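# Commentary on secondary and tertiary structure
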Amino acid sequence: MDEEDPILHFVLMNAASLFVVSGACENAECGFGSGEEVVKTRGPGGGRWKEGVRLARLAISTGKAWEMLTKFAEVTNGL
């Protein structure tokens, strides 16, 4: 995967937005068991955007993007 691919950047921004807006980035353990350090830096609007991008990259690199999207849909449909 080319890290400079504009399509990848588009996907990361959109997925990060979902993670931030849904509150997934507020969970202290939101690394989804990756063992990576959670980014707690706050950005515009108080959102943890860097954590959202980290989670999006993790979803893509581990091949769990579809699984994470399915879980997200289950949680948000249950609200």
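Structure's up top.
Residues numbered from 1 in each chain as written. Predicted model: local features only at pLDDT ≥ 70, side-chain atom pairs only at ≥ 80, totals over all residues. Heavy atoms only, no water.

### Some details on the overall build of the protein chain
- Tallying secondary structure elements over the protein chain gives 3 helices and 0 strands in all.
- For the protein chain, the N- to C-terminal ordering of α and β elements is α-α-α.
- Taking all 79 residues of the protein chain together, the buried fraction comes to 24%.
- For the protein chain, contacts bridging at least 24 residues in sequence account for 49% of all contacts bridging at least 6.
- Carbon and sulfur atoms make up 61% of the accessible area of the protein chain, which amounts to about 5400 Å² in all. (Helix = DSSP H or I, 4+ residues; strand = E, 2+ residues; numbered from the N terminus. Buried < 20%, exposed > 50% of the residue type's maximum accessible area, 1.4 Å probe, protein only. Contact = heavy atoms within 4.5 Å. Areas by Shrake-Rupley, 256 points an atom, 1.4 Å probe, with all protein chains shown as cover.)

### Digging into the nonpolar core
- Counting residues in hydrophobic clusters, the biggest one holds 9 residues: Leu8, Leu12, Phe19, Val20, Cys25, Leu55, Ala56, Ala59 and Met68.
- For this core, the secondary structure elements donating two or more residues are helix 1 (6-22) and helix 2 (49-62).
- When residues of this core are assigned to their parent elements, the largest contribution, 4 residues, is made by helix 1.
- Once residues within four sequence positions are removed from consideration, Leu12 is found in contact with Val53, Ala56, Arg57 and Ile60. (Core = buried A, V, L, I, M, F, W, Y, C linked by side-chain atoms within 4.5 Å.)

### Observations concerning the pattern of salt bridges
- Per the stated rule, a full pass over the model turns up 2 salt bridges.
- Two residues, Glu3 and Arg57, come together in a salt bridge whose shortest N-O distance is 2.3 Å. Taken together, the positions of Glu3 in the segment before helix 1 and Arg57 in helix 2 put the pair 54 residues apart, joining distant regions of the chain.
- Here Glu3 falls in the partly exposed class, since its relative accessible area comes to 38%. (Salt bridge = Lys/Arg side-chain N within 4 Å of Asp/Glu carboxyl O.)

### Observations concerning the environment of Arg48
- Note on placement: Arg48 falls in the loop between helix 1 and helix 2.
- On the basis of relative accessibility, which here comes to 4%, the residue Arg48 falls in the buried class.
- For the pair Arg48 and Val38, spaced 10 residues apart in sequence, the C-alpha separation works out to 10.0 Å.

### Some points on the side chain of Arg54
- Position of Arg54 among the secondary structure elements: in helix 2.
- We classify Arg54 as buried; its relative accessible area is 11%.
- Among the polar contacts made by the side chain of Arg54, one reaches the side chain of Glu51 at a distance of 2.8 Å. (Polar contact = N/O pair within 3.5 Å; in protein donor to acceptor, adjacent residues only side chain to side chain.)

### Regarding the layout of surface pockets
- Put simply, the second largest pocket is a space of about 210 Å³.
- Put simply, the parts of the chain that give the lining of the second largest pocket at least two residues each are helix 1, helix 2 and helix 3 (65-77).
- Across the lining of the second largest pocket, the residue classes break down as 11 nonpolar, no polar and no charged. (1 Å grid on protein atoms, 1.4 Å probe; cavity = no way out; pocket = protein on both sides within 12 Å on 5 of 7 lines; lining within 4 Å. Points joined across faces, edges and corners; volume = space filled by probe spheres on them. Nonpolar A, V, L, I, M, F, W, Y, C, P; charged D, E, K, R; others polar.)

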